[in-house]
Amino acid sequence: RFSSPAAGSAAPAAGLLTQASPRDAHASMPLSVRWGVNVGKWSPSKEDFLSALEMVDVTEKERIRSLHWFEDARARLAGQLLVRHLACSVLGICPTTLSRQVTERLSSGRPVIIGAPENFEFSIAHDGNWVVLEAGYGLNDETPLIGCDVVNTLRETKIERLPRVFTPEEWEQVRMIDDPVGQRVRLMRRWAVKEAVVKALGVGIRFGMNNVHVTLTGEPCQETMETCRGAKRVRRRLADFLSSPTYVDTSLPQPLGTPSVPIHAEVKIPCIPKDMESLVDKLPPSWSVQLDCLDNAHIRASARGCLHDEERDGKPREERLSQMETISCEQLLNLVSTRR
């Protein structure tokens, strides 16, 4: 990571990241944030999309424009805008120009915010209509383990054809109900937790999903989540969108909201791949895992360890960590454009 300019140093050159004001991480800054953006509700014109694209750095702009599908480009753009909003509003690290790079990638591939404290981490994920971001501080100088994932249950992936991803015990839990649709939802729920955990470890799926053992209790006997049911999703090529004067909405149908059912998740990692034995000292004694439904077609999972446990504003730690703020794309664009 790069350090923010020291007090009394010369003014930074145009485009460099600047610290808006020195702030105490455990005083005025939020302990943690959870944000979600429903990009399926954003139907931009070509001009609006290109205008939003100018709010990210050149490298990300090229990556977004290289994507094949418009829906993927829209989600990635919203994710990059969320990260810029996080850097400025939470950390006070604001780019003096919108084209300035805000993140860099470690050798492991994990993205970090340039200039962020060592004990601050974030995780971001998108699928279907949703983009979610989670961030927070570790205790004192400890680096926290934070990972999040969102799974669209309407996707066409044949997750049930991945037997090595799930352990025999997980399959036993899944098959406690006879409904094939319900079993598919249960598999997706476990996949979301596994994905959140390996992202928190900073290694991704190369860790081996079957090395993360997930036990869930409190799952409904009758699943209400929507699934693909063989229907094919209509998507639009980004090139077609950019060459057409009018927008054609190919988003997934907006599912109805559904109340989250409290589901307790327990995660165990009994063994570590031989090429990743350096992670032994990084594993927390336990994981704080939360599962909820963003609507009846999207499951969100978060996995955390080593977070600062100080009570603030009289709210219990569990209550603070369970709340997610929903931000519309229009609000996000306004927040990013005005913080320069």
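What this report covers is the structure whose coordinates are included nearby. All values reported here derive from a predicted model rather than from experimental measurement.

A count of helices and strands for the protein chain gives 8 helices and 13 strands. Burial status across the protein chain gives 51% buried among its 340 residues. Here the contacts in the protein chain between residues at least 6 apart in sequence split such that 74% fall between residues at least 24 apart.

Time to look at the nonpolar core. In terms of nonpolar packing, the biggest core is built from 41 residues, with F49, L77, L86, I113, F120 and L133 touching the most fellow members. Broken down by secondary-structure element, the contributors of at least two residues to this core are β2 (32-38), α1 (46-53), α3 (70-89), β6 (120-127), β7 (130-137), α6 (238-243) and α8 (329-338). Broken down by element, the residue count for this core peaks at 10 residues, all from α3. With residues near it in sequence (within four places) discarded, L77 still touches W42, F49, A52, L53, V56 and I64.

Across all of its chains, the model carries 1 disulfide by this definition. C88 shares a disulfide with C94; S-S distance 2.0 Å. What sets the handedness of the C88 and C94 disulfide is the S-S torsion sign, and at about 80° it is right-handed. Neither residue differs from the other here; C88 and C94 are each classed as buried.

Here we take up the layout of surface pockets. Estimated volume of the largest pocket: approximately 1,100 Å³. The wall of the largest pocket is formed by 43 residues, among which R76, I124, A125, H126 and K199 lie closest to the centre. The element contributing the most residues to the lining of the largest pocket is α3, with 7 residues.

Let us look at α3. The first and last C-alpha atoms of α3 sit 28 Å apart over 20 residues, in line with the 28 Å expected at 1.5 Å per residue. A large share of α3 lies buried, amounting to 18 of its 20 residues.

A few words now on the sheet that holds strand β13 (residues 325-326). Reading across from one edge, β6-β7-β2-β13 is the order of the 4 strands in this open sheet, with mixed pairing throughout. The open sheet has two free edges, formed respectively by β6 and β13, since each of these has just one partner strand. Bridge analysis of β2 against β7 gives 7 bridges, and the strand direction is antiparallel. If you follow W35 over to β7, its bridge partner there is L133. Contacts from α3 reach β2, β6 and β7, with the element oriented near 25° to β7.

Procedures and definitions
- Residues numbered from 1 in each chain as written.
- Predicted model: local features only at pLDDT ≥ 70, side-chain atom pairs only at ≥ 80, totals over all residues.
- Heavy atoms only, no water.
- Helix = DSSP H or I, 4+ residues; strand = E, 2+ residues; numbered from the N terminus.
- Buried < 20%, exposed > 50% of the residue type's maximum accessible area, 1.4 Å probe, protein only.
- Contact = heavy atoms within 4.5 Å.
- Core = buried A, V, L, I, M, F, W, Y, C linked by side-chain atoms within 4.5 Å.
- Disulfide = S-S within 2.5 Å.
- 1 Å grid on protein atoms, 1.4 Å probe; cavity = no way out; pocket = protein on both sides within 12 Å on 5 of 7 lines; lining within 4 Å.
- Points joined across faces, edges and corners; volume = space filled by probe spheres on them.
- Expected span 1.5 Å × (residues − 1).
- Pairing = 2+ DSSP bridges.
- Axes fitted to C-alpha atoms, helices over the stretch in contact; angles between N-to-C directions.

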